[in-house]
Amino acid sequence: MQEHIQLTQKEVNRDLLEGVLGLPKWWLGATSFLVLVILIGLAAYAYEVNKGIGVAGLGRPVLWGAYITNFVFWIGISHAGIMISAILRLTQAEWRRPVTRAAEVMTIFSLIAALSNIMFHVGRPWRLFWVYPYDFSRGIFMNVRSPFVWDPSAVMTYLIGSSLFVFVALIPDLAVVRDRATGKYAPRIYSILCLGWRGTPRQWRLQAIAGILLSALVLPVFVSVHSIVSWDFAIAIGVEGWHSTIFAPYFIIGAIHSGVSAVAMIMALVVWLWKMDNYLRPDHFDAIGRLLIIVATTWFFFFFVEWIFALYTLEPPEIKLRELQVFENPYWWLFLIFLLTSFFIPVPMWLFKNVRRSPMLMFLTTVLVNIGMWLERFLIIIPGLARRTPLTFDWGSYHPSIIEILIVAETFAFVALGMLIFAKFFPLIPLFDVKEGMVFRDTIKIGRRIVPASIRETP
Amino acid sequence: MALTRRQFLTLAGGSAAGAILFQACGVPEDELLVQAPVEMPEDLVTGRDNWYATLCRQCPTSEGIVVRVMEGRAKKVEGNVDYPINQGKHSARCEAGLQALYHPDRIRGPLVRVGERGANRFREISWEDAISRLSFQLQNISDQGRQSSVVLATDPIGAHLGMVVERFVSAYGARHMTYEPLERTTLRTAMRQVFAQDAIPDLDIANAATVLSFGADFLNTWVSPVRYGRGYGAFRDTENERGTLIHVDSRFSMSGANADKWVYVNPGMEGILALSIAQVIIADGLADADAAAALTANLDINAYAPETVASRTGVSADKIRAIAHDFAEHQPALAFGGGSAAAHTNGLFNLAAIYSLNYLVGSVNSEGGIIFNPAPPIDGIPVAKSNTAFSEWHRLADEMSRGEVQMIMVRGADPVYGLPDAVNFENAAYDVPFIVSFSDVMDDTTAIADLVLPQHNYLEDWDSDIPDPAPGYQTLGFQQPVVRPFHEPRGENLGTRGFADVLLTVAQGLDLELDLPGETYREILQDGARQLYESGGGSVRAASFNAFWNGVLQRGGWWDTSARSNSAAPTPPPLLDAAEPAFSAGEFHLMPFESTGIGDGKGAALPWMQATPDPLSTAVWRTWVEINHRVAEERGISEGDVIRIESQYGRIEALAFPSPAVPPNTVCVPVGQGHASGGRYAERRGANLYSILSPNIDLNTGALAWASTKVNIEKTGEWIRLPKFENTVTEFPRDEHQHVIKLTALGGGDEH
Amino acid sequence: MADAQWGMVVDMDKCTGCQACVVACQSENNVPINEEAHFNQRRAIEWIRVERYWEGEFPDVKARFIPLFCQQCGDAPCEPVCPVYATYHNSEGLNVQVYNRCIGTRFCANNCPYQVRFFNFWEPAWPETLKNQLNPDVTVRSRGIMEKCTFCVQRIRRSSREADKEGAELQDGDRALNPACVNACPTEALMFGDLNNPESKVAKKAEKELRESNPVRKGGRGYHLLDEFGTHPKVVYLKKVDEEFEAHG
Ligand SMILES: Nc1nc2c(c(=O)[nH]1)N[C@H]1C(S)=C(S)[C@@H](COP(=O)(O)OP(=O)(O)OC[C@H]3O[C@@H](n4cnc5c(=O)[nH]c(N)nc54)[C@H](O)[C@@H]3O)O[C@H]1N2
Ligand SMILES: Nc1nc2c(c(=O)[nH]1)N[C@H]1C(S)=C(S)[C@@H](COP(=O)(O)OP(=O)(O)OC[C@H]3O[C@@H](n4cnc5c(=O)[nH]c(N)nc54)[C@H](O)[C@@H]3O)O[C@H]1N2
Ligand code: SF4
Ligand code: SF4
Ligand code: SF4
Ligand code: SF4
Ligand code: SF4
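Predicted model, so just to flag it, every value in this text is computed and none were measured.

To continue, consider the packing of helix H8 (residues 247-273) of chain A against helix H14 (residues 359-385) of chain A. Residue and element names in this part refer to chain A. Contact geometry of H8 with H14 gives a least axis separation of 8 Å together with a crossing angle of 150°. In the packing of H8 onto H14, the handedness of the crossing is left-handed. Among the residues forming the contact of H8 with H14, the class breakdown is 17 nonpolar, six polar and two charged.

Opposite the 115 residues of chain B that make contact, chain C presents 89 residues. Summed over both sides, the interface of chain B with chain C buries roughly 8,400 Å², with 54% coming from carbon and sulfur. Our count for the contact surface shared by chain B and chain C stands at twelve salt bridges. A salt bridge links Asp49(B) to Arg158(C), with the shortest nitrogen-to-oxygen separation between them at 3.7 Å. Linking chain B to chain C there are 24 residue pairs in polar contact (both at pLDDT 80 or more). Sorting elements by how many residues they give to the side of chain B that touches chain C places strand S3 (residues 73-79) of chain B first, with six residues. The residue inventory of the side of chain B that touches chain C, partitioned by class, reads 52 nonpolar, 32 polar and 31 charged.

Attention now goes to the site of ligand 5. Residues in contact with ligand 5, as listed here, are Cys82(C), Val84(C), Ala86(C), Gln97(C), Cys102(C), Ile103(C), Gly104(C), Thr105(C), Arg106(C), Cys108(C) and Met146(C). Along the lines of polarity and charge, the residues of the shell around ligand 5 split into seven nonpolar, three polar and one charged.

This paragraph deals with a nonpolar patch on the surface. All names here are of chain A. On the surface, Trp332, Trp333, Leu336, Ile337, Leu340, Phe344, Ile345 and Ile371 cluster together into a nonpolar patch covering about 690 Å² of accessible area. Among the elements that line the nonpolar patch, the one with the most residues is helix H11 (residues 331-344), at six residues. Locating Trp332 in the fold gives a position in helix H11. On the accessibility criterion, Trp332 (39% relative accessible area) is partly exposed.

What follows covers the sheet that holds strand S25 (residues 710-719) of chain B. The pairing of strands in a sheet comes from backbone hydrogen bonds and takes either a parallel or an antiparallel form. With respect to topology, six strands assemble into a closed barrel ordered S20-S24-S21-S23-S22-S25 (chain B), the strand pairing being mixed. Direction aside, neighbouring strands of the sheet carry axes that sit 45° apart on average.

Turning our attention to the packing of aromatic side chains. Applying the stated rule across the entire model yields 70 aromatic pairs over all chains. Relative to Phe378(A), the ring of Trp374(A) has its centre 6.0 Å away and its plane inclined at 20°; by these criteria the two rings are stacked. Taken together, the positions of Trp374(A) and Phe378(A), both in helix H14 and four residues apart, correspond to about one turn of that helix. With respect to class, Trp374(A) is no different from Phe378(A); both count as buried. Aromatic pair Trp6(C) and Phe192(C): ring centres 5.4 Å apart, planes at 10°, arrangement stacked. Remark: Phe192(C) occurs in strand S8 (residues 190-194) and Trp6(C) occurs in strand S1 (residues 6-11); sequence separation between them is 186 residues. Among the aromatic residues, those joined into a ring-pair cluster are Trp64(A), Phe148(A), Phe233(A), Trp242(A), Phe247(A), Tyr250(A), Phe251(A) and Phe107(C).

Rules of the game
- Residues numbered from 1 in each chain as written.
- Chains lettered and ligands numbered in written order.
- Predicted model: local features only at pLDDT ≥ 70, side-chain atom pairs only at ≥ 80, totals over all residues.
- Heavy atoms only, no water.
- Axes fitted to C-alpha atoms, helices over the stretch in contact; angles between N-to-C directions.
- Helix = DSSP H or I, 4+ residues; strand = E, 2+ residues; numbered from the N terminus.
- Left-handed = near helix turned anticlockwise from the far one by under 90°.
- Nonpolar A, V, L, I, M, F, W, Y, C, P; charged D, E, K, R; others polar.
- Contact = heavy atoms within 4.5 Å.
- Buried area = accessible area lost by both parts, 1.4 Å probe.
- Salt bridge = Lys/Arg side-chain N within 4 Å of Asp/Glu carboxyl O.
- Polar contact = N/O pair within 3.5 Å; in protein donor to acceptor, adjacent residues only side chain to side chain.
- Near = heavy atom within 4 Å.
- Patch = residues over 30% accessible without salt bridge, like charges linked within 9 Å, V, L, I, M, F, W, Y side chains within 5 Å.
- Areas by Shrake-Rupley, 256 points an atom, 1.4 Å probe, with all protein chains shown as cover.
- Buried < 20%, exposed > 50% of the residue type's maximum accessible area, 1.4 Å probe, protein only.
- Pairing = 2+ DSSP bridges.
- Phe/Tyr/Trp six-rings, centres within 6.5 Å; stacked < 30°, edge-to-face > 60°.

Encoded structure:
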C-alpha cells in the first residue's frame, strides 16, 4: 500500500540531516518571534507572581480557569507521541516511521508546558514542591488521597519514560550526525551523546529491544496519566458536571483525538518547512486521516454518553448546568464552535480520500480539532464551577484576564520553539527508522492484507 | 551568522531569567520565609487578655459592651452580658468602634484653619493655644452681651454629660441644640401625648403573642435594634408559643422581611389604617370597652370602616379585618410605630393612632406590651433628649445668614452634611464668624470649622448614659477608658481630649460658675456613683464606696430592677381626626432608609461598615436605588444603571437595584453616603440623599418629614457595577406565569 | 469523656439578617478588609455570610435569610483533595485550616458544596493604625492562601488551656468558648456547643429538632444543609416556620 520512492541511503542522510547541518532561512525569524511571545508571557507571569494570583480573572465561585484548562489540553496533546510510536509500533503500522520522532518530541515539550501551567495556577508557586515528600522534618507527609499528588507523579513518570523513549530512538541518528558534523565542538558533543554507537549487530539488537520494551512499559503510563488528570475533576463531588465515572476513558480518548490531530499538523509543517515530501507522502496523511476518523468517532461516542448520563439523572442542578453550557452567553457559542470544530466539520471531510491526502486540508482540519478540544476542556471546567446549585446566591461566571491569555499563549510558543530548536540539533525524521522501513518495504499480498515479506527484527 | 544567533539566544534566555528573578524579589519577604508548617498562633499562648466593661457609642442606643484589651490595644468588642439593654448581644455597627478608635485618618491634635473656609487647610496647634482661642472668642461675644448668639450643637446627650452641657450653656447663656439626621422628636411627642411619658417606653416584644409594627425598622436600625432583636428571638422561640409579627410599611424593610405578614400601606396612611383597625376591633366587640369609649370620645370611628379607607390606604378591607382580628384575638398584643410612619407631615397623628391601639387590647404598661420607664435614678441627671426639631434648625439657618449667629460649636453632629440643601445651611454657615468642631475625624461641618478640638474616642474616655429607652427600670450605664488615648504619646499638648473636660477647662478660663460636684469629668461621674452608693439599692452592693465604684465599672453600670415606673396606665386621650399627608411633587415616592452598616451616615467612615452588606440588596460601598423589577423592565433599567433621582430640591445619582419587593410607586435609597470629607473610606463615595429631601415638616412637632419627598428618575446611560455580596444572578428564577418563584430547593427542610 | 464534637444549631426562624455575626467574625478572625473592588471581583471574604433569597414578588413577597459558614463536615469533601494537608480533620470534629501549609491550589474550595472557603487573591492590607486591632490569637493570612470559618478554634484552644490549668471542664455556653458570631447574634439564632455532651443545649436542641417523628411543624424543623452530598455537617439548620401553614400554633 505504501508508495515506493527508491532513495539511496546517502540521499536519505542528505535530506534528513539538512535541517541539522544547514540552517533553513526562515528558522531564525520563526525562533525569534516565538522567543518574543515567550518573553511577554514570562513577563506576565512575573507580574502575577509579584502582584498575586488576583491578576487572573478568577473569583468566587469559579476558582479554576484558563491555566487548568490549558494544563489538561497539553496533557492531551502529549498523548500523541506514545500513541503514534508505541501503539503503532506494536501494531506494526508501517506509515508511522517518519512521524514517530516528531510526535515523541512534541510529547516531551507539551508535558513540560502542562506542568508549567500548574505553576502559573497555584497561589504560592514558591511552595509548590510541598506536594513532594521532600522534607520529613516538617513532620508531615503530602496527602496521598489528593489527585494533585497523583498528578505530578504520573506526569513526571510519563515525562521520564517518553524522554528515554526519544533518546533510545535517537542514538543511531546521533551517530550519523557525529560522523558528518563539522566544527570544533559539535562532533565531540554528538559523540558523547550517541554513547559510542558504532552500529554493531549487538548494539542494534539492544537498541531494538529497548525500544520495544519502552513501548510496552510506557503504554500503561499513557493510560494512567490522563485517567488521573480526569480524576482532578471526577472525584470532586462538590462540583456539578465533574463527578462522573466516565471521565477517565472519556478524557483519554479525547487526548488521543487532540494528540493525533496535532501530529497531523506537525506532519504538514514538516512537509512544508523542511521539504520532506519525499518521506511524508500523501498516503501517510491518508493513513493518519483514517486513524483520526476512528478516534474522533469513538471520542464523540463518549462525549454523547457523558451527556446522556448527565441528563438521565434529571437533577435540577445538572439540568441547569447543561442549560448554561448550551444556551447561556458566552457558553452557547463556545459550545457551538466546539462541536463544529472538534467533530462536525473535520470528520465528514476526512471521509473523502482527496481531503485525507491533501496536507493543506489535513492541516486545517486538525487545527480546527485542537481549537475544539481546548474549548471542550474549558466547557467542562468553567460552567461546572459556575455553580448552578440551589444556592443561587452564589452563582457566578468567569472571564480570563489579559494576563492569563498572555501566559496561555506563552505555552503554545514554548512547545513550538522547543520543536524548532530540537529540529535544529537533531533530525526530526528518524533516519534509521526510515531506512529500516525501506529494507522491509518489499511486501506480499495475503488475501486482502498486505504484509512485509521479510521477518521483523526480533531479539 | 552562527555567532549572532548564539548571542541572540543567550540574550533572550538571560533577559527572561532576569525578569523572573527581579520580579520574584518583589514578593513580600514574609512569603519567602518558610513558616512553621504545623504551629499556628491559634495553638500558642499569646499572653493574657482583659475584658473591660464600658458603653458603645456607635449609635444613640448606647449599649453595654465589654472590650478585649491586650498589650494596651483594644482587640474585640462584645456585648456586656450584665447590661440590661442588650444582655450580651450587639449589632454589626458596635464592632466597628475599634476602627473608629484606630482610624487612620483620626485627627491627631487641635487644628486651626489656615486656608479659605472650605479649602480644608488646617494647621496643628497646641491644646493650650486652642483653648485660649476658644475662650477668647467666647469672652469677646459675652463682652458684647451676645451670648445667645452662641450655639452648642450636639447629638442628643443625657446623663452626666447632659448635665455638664446644660450647666455650661446656661452659665454662659448660649443655646444648646441637638441634632439627629433622622430625628425622634415626633416619637417623643407622641409618647407624651398618648402615654403622658417623657421617656420612651420599653417594648416587651419577648412576651407578646402578636406584634403589629408600623414603619419602624426595629430589627435593623430603629431606636434600640439589639434589644428588640433579643426580644424578637424570644418572641420567635418555638419552645413556647411562637408569636406572630405583622409589619405595616411602605417599604419592604428588613423588619418587613422577617414579618409573618408584610402589609404595604400607602405612604402617610399608617394612622388612618390604624384607626380602621381600631374600628374593626371596637365594632367586633374585641376591645376594652372603657378604652374604646375614651378613645372615640371626639371622633366617629365608624367613618374609618375598612371599606371606606381601603382605597386610600391601599390595604384591602379583608386584610384590614384579618389584621385587626389577629391583633385583638392573640394577646398580649403590642402595637408600635416610627421610622417612615412618623416621618410624614401627619407623623404625629399616625403615631398617636398607632400607639393608641395598645389601649384597646390592654397592652399599656403590662407584660407583652408597652412598658413605661421610670425617672432617672439621680436628680438633675437628664435622659438624653432631642430637644431641637428640624424647623428650629431651619430657623437657625435663616438667623445665620442674617449674621445673627456669632459662634457654632458642634460635637457628635454634622448638620452641614445632614440638613437638606433646601435649608441652605452650608452657605449660611459661611456667615458665621467662628465655628468650632470637637470631631476627631473630618466631616463636612468640621471641614469648614475655624477651630478643631478633637475629642477622645469613647473607648478612651469617661462617660455615663441613661439608656433611652431604658429596660423598664432605673439604669445608669458607666463608660470607662479601656485603653490609653491612642495619641497620648504625642504629649500633653497634642492628641485628643475628652469633650466634657474641655468644656470644664473653658468654663474655668471664663470663670463661669457651673457648681458641678467635681473638677474633672471623672470626679463628677464618681460623685454620681456616690449618690447611687448612698441610695443603697441596685445591682451593685459594696461595703465601701471604692468597692462600689470598682463594682460599677466592672459591671458597666448600675441598675435597679425594682425601681420601675409607678405611673399606672393613664386614661386614653381621645383620638384625633385623620390628617392627610402632603408630598412634594414627583412621580415616585422616595423612601429613605438606614442600611445596616453605615446607618444615618456615622458608619461611612469605617471600612467594616462600608463593607457590611445591606441585608436585602447585599449592596456595599455605594449608594443604590431599589426599584420594582417590573417597573425597571418597562423602563429598560437593569442593575448598575446609573439613575438620576431628581426632587424639587435637588438631584443625586445612584446605581439601580431592581428588586421584586419594592412597591411599583416607590423607590428606596439608603442615606449616609456622599460625604464631602470624612476620611479615606467615606470621602466622595455614593450620594448624599439628605441633600434632596423636601423640607416638609410635621405640622405639630416641626420634625423633618423625611418620607414626604417624591422624585422623578431617569437613566443617565452610564453603567457602573453595583458592588454587592450576592453574585450576579442573570435573572430571578421565574415560573410559567413570569412570577419570581420560591427557591424551595434551598429550604431543604421541605424534604424533611 | 471522649473528645468534644463541636457543632452548631442555626434557627432560620430567628435570623433577621442583621449581619452582626458577619462583622463579629471579621473582627475576631482578622478577616481582610473587603474593599469595593473585592466585591466587584467576587473576591470579598466573609467566613460567615447571610444569604438572602426572594420568595414571590410584590405585594406577596418574602425574603429569607440563611447564615452560611463552614459546616465542619464529618465527611468533608474539602479535605481529601488538599495535596498538602493544609485542611484536615481534628479530633474535635473540626475541619482545620493550616494557613502555612496552603499552596493555593483552590481545589478544596471547588469541592466544598457550601462555598464557604475563601481565597486570598491579594495580599491583605491594613493601614498601619488599624493593625492595632488585629487579634494576636489568629494568624494574619498572606495572599495565595485559602481561609474559612474555624469555629473560632483559637477561643476553644484558649478556653481549654484555661480549663486545664484550673483542672475544670469546659462550660457549655461559656462566652469565652463561644464563637464570636454566636456571642453577637442578638436573636440567638446561632447556638454553639459540644454535640458529644448530651447535656449541652446544642445537643438537646439538635436531637429534638432532627427527630422526624414530630409531624407538627413546631419542632422537627431540623435538617442538614445539602446533606444529599453525604457530608455529615456539624451544623443543624432549623427551617423557617411559615405562618401560612401555622397561624398561632
Ligand atoms: N526570626 C527571629 N529569630 C529570632 C528572634 C526574632 O525575633 N525573630 N528573636 C531572637 C531572640 S531575642 C531569642 S530570645 C530567641 C528565642 O529563640 P528560642 O530560644 O528558640 O525560643 P522559642 O523558639 O520561643 O522557644 C524554643 C522552644 O522552646 C519550647 N518551650 C516552650 N516552653 C518550654 C519549656 O518549659 N521547656 C522546654 N524544654 N521547652 C519549652 C517552645 O515550644 C519552642 O519549641 O530567638 C532569637 N531568634
Ligand atoms: N508572644 C511572644 N512574645 C514574646 C516572645 C515570644 O517568643 N513570643 N519572646 C520574648 C523575647 S525572648 C524577647 S527578646 C522580646 C523581644 O520583643 P521586642 O523587644 O519587642 O523585639 P522586637 O519586636 O523584635 O523589636 C522591637 C522593636 O524594635 C525595632 N527595632 C529594630 N531595630 C532597631 C534599632 O536599631 N533601634 C531601635 N530603636 N529600634 C529597633 C523593631 O522594628 C521593633 O519595632 O519578646 C518577648 N515576647
Ligand atoms: S445598636 Fe449596636 S451600635 Fe448601637 S449601641 Fe447597640 S451595639 Fe452599639
Ligand atoms: S463546609 Fe466546606 S469547607 Fe467546611 S468542612 Fe464542609 S466542605 Fe469543608
Ligand atoms: S488551596 Fe490550600 S487548602 Fe485548599 S487544597 Fe489547595 S493547598 Fe489545600
Ligand atoms: S464560628 Fe467563628 S470563625 Fe466561624 S463564622 Fe463564627 S465567628 Fe467566624
Ligand atoms: S447575627 Fe444572628 S440574626 Fe443577625 S444575621 Fe447573624 S445569624 Fe442572623
